[in-house]
Amino acid sequence: MIRFKQIEERLKKEAKILLESGEVTVVLAYGKGYDEKHPMPYAAKKIADVEDLVFNEYCNHNMARYLVRYPQGTKIAIAVKAADSRAVVQLIQEEKVKRDDLVLLGIPIHGMKDPRTGEVIDGKTTCGMYTPVLYDVLLNDDVHGHKISPYDVLAKYEAMDKDERWEFWKKELDKCIRCYACRKACPMCYCDPCFIDQSKPKWADKAPQSPGNMMYHLTRFHHLAGRCVDCGECSRACPVNIPLYLFHKKVAKECEEMFHQKAGMSIEDKPVLIDFRVEDSDKILE
Amino acid sequence: MLKKIVIDEISQLTAVLMEMGTLIAPVKEISGHNFMEIADPGQVDLDFYNTIMSPKSAFFPQKEDFVRYKTAEKLSAAETVLLDTKPVFLFGVRPCDVKSFQIMDIHFNHAGIIDPYWHHRRESTTIFGYAFDLDKPVDPADFYNTLGISASDPEGSDIFMVKKEKELLLKSITHKGEKLLAQLSALTSATSGDEQYYEEYLQRGKDYKTRFTSVDPEAIALELEDVFENTDFWKEISSACLSCGVCTFVCPTCYCFDICDDTLFSKGTRRRVWDACMFTDFTLEASGHNPRTQVYQRLRQKFCHKYSFHIRKYGVISCVGCGRCTRSCPVNIDIFAFVNIATRAKWYQRL
C-alpha cells in the first residue's frame, strides 16, 4: 500500500527546506489541477508555493521534460519517479543538464494510474522499475511492486510478421492528427527546431495522412533509439491513443540486446549510439 | 413537428439518410467517440458523452485539397478539386458544438470574404442537434453554462434530438429540418406525452449544471488587455504548457490554417491544413524572424484570442465551453480556471 499523502508531506517538507536555504531556485513537482484525477506539472519558486504541491496516483507526468527549459546553471530540484530519474540521467549523459545543478527528490512508487482509463500503468506504458536510479533524497521507503519485464507487453506485437507490423503501424499512424503532443511530452525530444518543423528542407507533408505521418513517427522513433527511457508519456499524451510505446519498447529491447546497455541507467555511461566499442554487435549493419 | 424512433432501430433512420446523402455521425473508436463519415448504418453510436475531436471538421476538414498540379506543366493545366455537392447530414451534435458553428460562421461566412468551402458545406448540411443525457453526470471539464449554453439548447440545430428512455424524439427547429423530417418514413408520430416530455426536457436542461462563472465579455477583454504585458504572470500560467497542438486541434472554434504545396516527384497538391498558434513555426516569418519564440507568448496568444481579441473584433467570446481542450491536455491545463480568475477585477495585482 502506497501512502501518497505521506509522500506529499515529505515532498513539501523537502521543497521548503531547499527553497528556504536557497540551494535551489525552483522545485519541479506536481500541483493541483481542475480535479483530483488531473494534477498538473508545477514549478514552485516561492516558499508559499510549496503548499500547493500535491502527489497522488495520477501524477504521471515526467518532470524531466521541463529541465531543458531553464537556462544552464539554474539550480533545480526535481521530483522523479523511476522512469523520470532515468530521463534525468540520460539528459546528463547528453550534456543537456549538469548533475551539480540538480537535486533529485526520488519517489519509489508503483500502482500509478492513467486518468483516462483508470488502469495501472506499471510495466505497460512505463519502464517496469519502481525505485529511481539516481536521487539525493528518497521521499518514500523502498517499494516492491510486481516484478515485471518492461518488454512483456511486446509479446503480441512480436508475434506479428513484417507485413502485419507494417499494416499495424499504417493503421495506427493513420489516426495521428499531428498535434505533436508525443514529441512535446517526451523528455528526450529537445531538438530546436524539430526536423518536422523545418521548411528548408521540408522533410514531410503537413497534412495528417499516411506519408507525412509515417515520416514523422518513424523518424522520431529512430531519433529515440537507445535514448528512450520508457516513461510512456508519449502514449499517455496522445489524444487518439496511438500505442507509441510499443515501437519505443521494441527499439529499446533491440538496443539492449545489441549493446547490453539500457538508456539512462548510470551517469557514467555514454549514450549507446554515440559510444563506439570494438566489441559492439554488428547486428545493426544487417 | 415532433417524431420519434426506437434507439435500437436507429440504423433504419441512418440507412435512409445515407441514401439521401452523406451521413456524418459519432462512431465508437478504441480511444473514444468521433464524428466520421458513415459507411455502414450500424456504425452510428449515440451512447456517448461527447466526441474527442469537435465536429468542425464536417465543414472545415483538417486537410482540404484545392488544386492538383504537375510541376512541368503550365499553370492553366492545374485542375481544381471539385467539392462534393451531395447533401450532408451531421448527426448527433451536442448543443455547445452547434453554437460553435455560429462563431466559425463569423470568419468563414460573414466577415469580408466568404470561404466557398465552408459556405457550401454549411448550406448543404442539415444539423441534427442532440441534447446531453441529463441522467448522466456532467463531465468535470465542461463549462458551457459559463458561455450561456444549456445542455438542451436547440438553437442552431435544424432538427433537435432528445433521448426518452429507449426512444429518440426528433423535433424540427428550422424550415429545412421540418421538410426533411416530413420525408423520413422510418420515423413514427409522437404522442402528446412525448411533446410534454420534450418541452420538459428542454427546461430540465437548464438545471443541468456545468462549472460556472459569470463572464462579461467587455470586462474580461479589458482585464486581459491590462495584463497583456505582464510577462511574469503569463510565464506562471504557462509553466506547465508543453506547447503541443492538442487544445487547438480538438477545439470547435479554432480555425487557423496553413496553405501548403505538397509535391512528390512531379505531382503536387495545393492544400489547406489546420495549423496551431501553439507551434513554433506558426509565426516563423520568411526573414527567419519569429515574434513568438517562447511558450508563454504562444499560450497568451491562444487565451487572449479567445477571450479578448475576438471580443474586440467581433463582439463575442470565441469559446463554447465544451471542455475538450481541458480533457485532452496532456498536462491538464484548464482554460476555465484561467477564465475564472480573469473574471475577477484586477485579479493579477494580487499575484
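These figures come from a predicted structure and were not determined experimentally.

Cut-offs used in this document
- Residues numbered from 1 in each chain as written.
- Chains lettered and ligands numbered in written order.
- Predicted model: local features only at pLDDT ≥ 70, side-chain atom pairs only at ≥ 80, totals over all residues.
- Helix = DSSP H or I, 4+ residues; strand = E, 2+ residues; numbered from the N terminus.
- Rg over C-alpha atoms; globule rule 2.2 N^0.38 Å.
- Buried ≥ 20, exposed ≤ 12 C-beta atoms within 10 Å, placed from the backbone.
- Pairing = 2+ DSSP bridges.
- Expected span 1.5 Å × (residues − 1).
- Contact = placed C-beta atoms within 7 Å.
- Axes fitted to C-alpha atoms, helices over the stretch in contact; angles between N-to-C directions.
- Parallel < 35°, antiparallel > 145°, perpendicular 65-115°, else oblique.
- Nonpolar A, V, L, I, M, F, W, Y, C, P; charged D, E, K, R; others polar.
- Core = buried A, V, L, I, M, F, W, Y, C linked by C-beta atoms within 7 Å.
- Domains from an automatic or database assignment.
- pLDDT = per-residue confidence, 0-100.

*Asks:* Hey, could you run me through the overall build of chain B in this one?
*Replies:* The helix and strand inventory of chain B stands at 11 helices and 12 strands. A globule of 351 residues ought to have a C-alpha radius of gyration of about 20 Å, and chain B, at 22 Å, matches this closely. Counting all 351 residues of chain B, 41% fall into the buried class.

*Asks:* Just to check I follow, could you spell out the overall build of chain A for this structure?
*Replies:* In terms of helices and strands, chain A carries 8 helices and 5 strands. Ordered by position from the N terminus, the helices and strands of chain A form the series α-β-β-β-α-β-β-α-α-α-α-α-α. Over its C-alpha trace chain A gives a radius of gyration of 19 Å, about what one expects of a compact globule, namely 19 Å for 286 residues. Counting only C-alpha atoms, chain A reaches 55 × 45 × 45 Å along its principal axes. Residues classed as buried in chain A amount to 46% of the 286 residues present.

*Asks:* I'm lost on the sheet that holds strand β12 (residues 267-274) of chain B in this one. Help?
*Replies:* The strands that make up a sheet are held in pairs by hydrogen bonds between backbone atoms, and each pair lies either parallel or antiparallel. Residue and element names in this part refer to chain B. Strand order across the open sheet formed by 4 strands is β5-β4-β12-β11, with antiparallel pairing between neighbours. Two strands lie at the open edges of the sheet, namely β5 (79-80) and β11 (257-264), each paired on one side alone. Relative to β5, strand β4 (residues 63-70) runs antiparallel, the two being bridged by 2 bridges. Bridge pairing in β5 places R68 opposite E79.

*Asks:* How do you make sense of helix α2 (residues 82-93) of chain A when you look at a structure like this?
*Replies:* Every α-helical turn comprises 3.6 residues, leaving residues that sit three or four positions apart pointing alike. All names here are of chain A. In a regular helix each residue adds 1.5 Å, so 12 residues correspond to 16 Å; α2 covers 17 Å between its end C-alpha atoms and thus fits that length. α2 sits mainly inside the fold: 12 of its 12 residues count as buried. In this structure, the buried residues of α2 make contact with β3 (76-80) and β4 (102-106). One or two positions beyond α2, positive phi appears at E95, with a value near 60°.

*Asks:* Even after reading the chapter, I still don't get the sheet that holds strand β3 (residues 32-37) of chain B, so can you show me in this structure?
*Replies:* All names here are of chain B. What the 8 strands build is an open sheet, ordered β3-β2-β6-β7-β8-β9-β1-β10; its pairing is mixed. Both outer strands of the open sheet, β3 and β10 (188-189), are each paired with one neighbouring strand and no more. Two elements, strand β8 (residues 159-164) and strand β9 (residues 167-172), share 6 bridges in a ladder whose sense is antiparallel. What sits directly across from K164, in β9, is E167. Where helix α1 (residues 10-20) meets the sheet, it contacts β1 (2-6), β2 (22-29), β6 (88-93) and β9, and its direction lies at approximately 140° from that of β2.

*Asks:* Looking at this model, I keep getting lost on the packing of helix α4 (residues 162-174) of chain A against helix α6 (residues 210-223) of chain A. Mind explaining?
*Replies:* Two quantities define a packed helix pair, namely the angle between the helix axes and the distance between the axes. All names here are of chain A. As a packed pair, α4 and α6 sit with axes 9 Å apart at the nearest point and diverge in direction by 105°. What the angle tells us is that α4 and α6 run roughly perpendicular. Here α4 contributes K170, L173 and D174 to the contact with α6, which in turn contributes S210, N213, M214 and H217. In terms of residue class, the contact of α4 with α6 is made up of 2 nonpolar, 3 polar and 2 charged.

*Asks:* Where do I start with the nonpolar core in this structure?
*Replies:* Where a protein is soluble and globular, its nonpolar side chains tend to be buried together. Counting 163 residues, the largest nonpolar core has A:A29 and A:I78 as its most contacted members. Among the elements that take part in this core, α2(A) stands out by supplying 7 residues, more than any other.

*Asks:* Quick question: what am I supposed to make of the environment of B:I237 here?
*Replies:* All names here are of chain B. If you trace the backbone, I237 turns up in helix α7 (residues 231-237). Of the residues examined, I237 has 19 C-beta atoms within 10 Å and is grouped as partly exposed. Separated by 79 residues in the primary sequence, I237 and V316 have C-alpha atoms spaced 24 Å apart. In this structure, I237 is in contact with L299 and F338, ignoring residues within four places of it in sequence.

*Asks:* Can you walk me through the interface of chain A and chain B in this structure?
*Replies:* It is common to give the size of an interface as the accessible area lost on bringing the parts into contact. Listed per partner, the contact involves 28 residues of chain A and 31 residues of chain B. Looking at the side of chain A that touches chain B, the elements with two or more residues in it are β2 (40-44), α5 (181-185) and α7 (233-237) of chain A. Sort the elements by how many residues they give to the side of chain A that touches chain B and β2(A) lands first, with 4 residues. Class assignment for the residues of the side of chain A that touches chain B results in 17 nonpolar, 5 polar and 6 charged.

*Asks:* I tried to follow the pairing of β8(B) on my own but got confused; where do I start?
*Replies:* Both faces of the sheet carry side chains from a regular strand, because those side chains alternate between them. Residues and elements named next belong to chain B. Of the pairings in the sheet, the one linking strand β7 (residues 125-130) to β8 comprises 3 bridges and is parallel in character. When the sheet's bridge partners are listed, F128 is paired in β8 with I159. Two successive antiparallel strands, β8 and β9, enclose a turn made up of 2 residues, where E165 displays a positive phi of approximately 50°.

*Asks:* Explain the domain arrangement of chain B here, please?
*Replies:* Residue and element names in this part refer to chain B. Domains assigned within chain B are domain 1 (2-55 + 83-205) and domain 2 (217-256 + 275-350). Using C-alpha coordinates to define each centre, domain 1 is positioned 29 Å away from domain 2. Domain 1 puts 21 residues into the contact, and the matching count from domain 2 is 20 residues. Of the residues belonging to the side of domain 1 that touches domain 2, the class tally is 12 nonpolar, 5 polar and 4 charged.

*Asks:* How do you make sense of the environment of B:I52 when you look at a structure like this?
*Replies:* With respect to the helices, strands and loops of the structure, B:I52 is situated in the loop between β3 and β4. Each residue touching B:I52, except ones within four places of it in the same chain, is listed here: A:P239, A:V240, B:S31, B:G32, B:H33, B:N34, B:V250 and B:S328.

*Asks:* Sorry, what's going on with the confidence of the model for chain B here?
*Replies:* For residues with low pLDDT, the predicted coordinates do not support detailed interpretation. Chain-level statistics for chain B give a pLDDT mean of 92 and a share of 98% at 70 or above. For this predicted complex, the interface confidence score (ipTM) comes to 0.91, while the overall pTM stands at 0.92.

*Asks:* Honestly, the environment of A:V229 in this entry has me stumped. Any pointers?
*Replies:* Residues and elements named next belong to chain A. Within the secondary structure, V229 is located in the loop between α6 and α7. Here the alpha-carbon distance between V229 and C186, two residues 43 residues apart in the chain, equals 9.7 Å. With near-sequence residues (within four places) excluded, V229 lies in contact with A83, R86, A87, Q90, C127, A263 and G264.

*Asks:* Would you mind showing me how to read the domain arrangement of chain A here?
*Replies:* Residues and elements named next belong to chain A. Partitioning chain A into structural domains gives domain 1 (4-138) and domain 2 (152-285). Of note, the centres of domain 1 and domain 2, computed from C-alpha atoms alone, are 24 Å apart. Here the residues of the side of domain 1 that touches domain 2 sort into 11 nonpolar, 8 polar and 8 charged.

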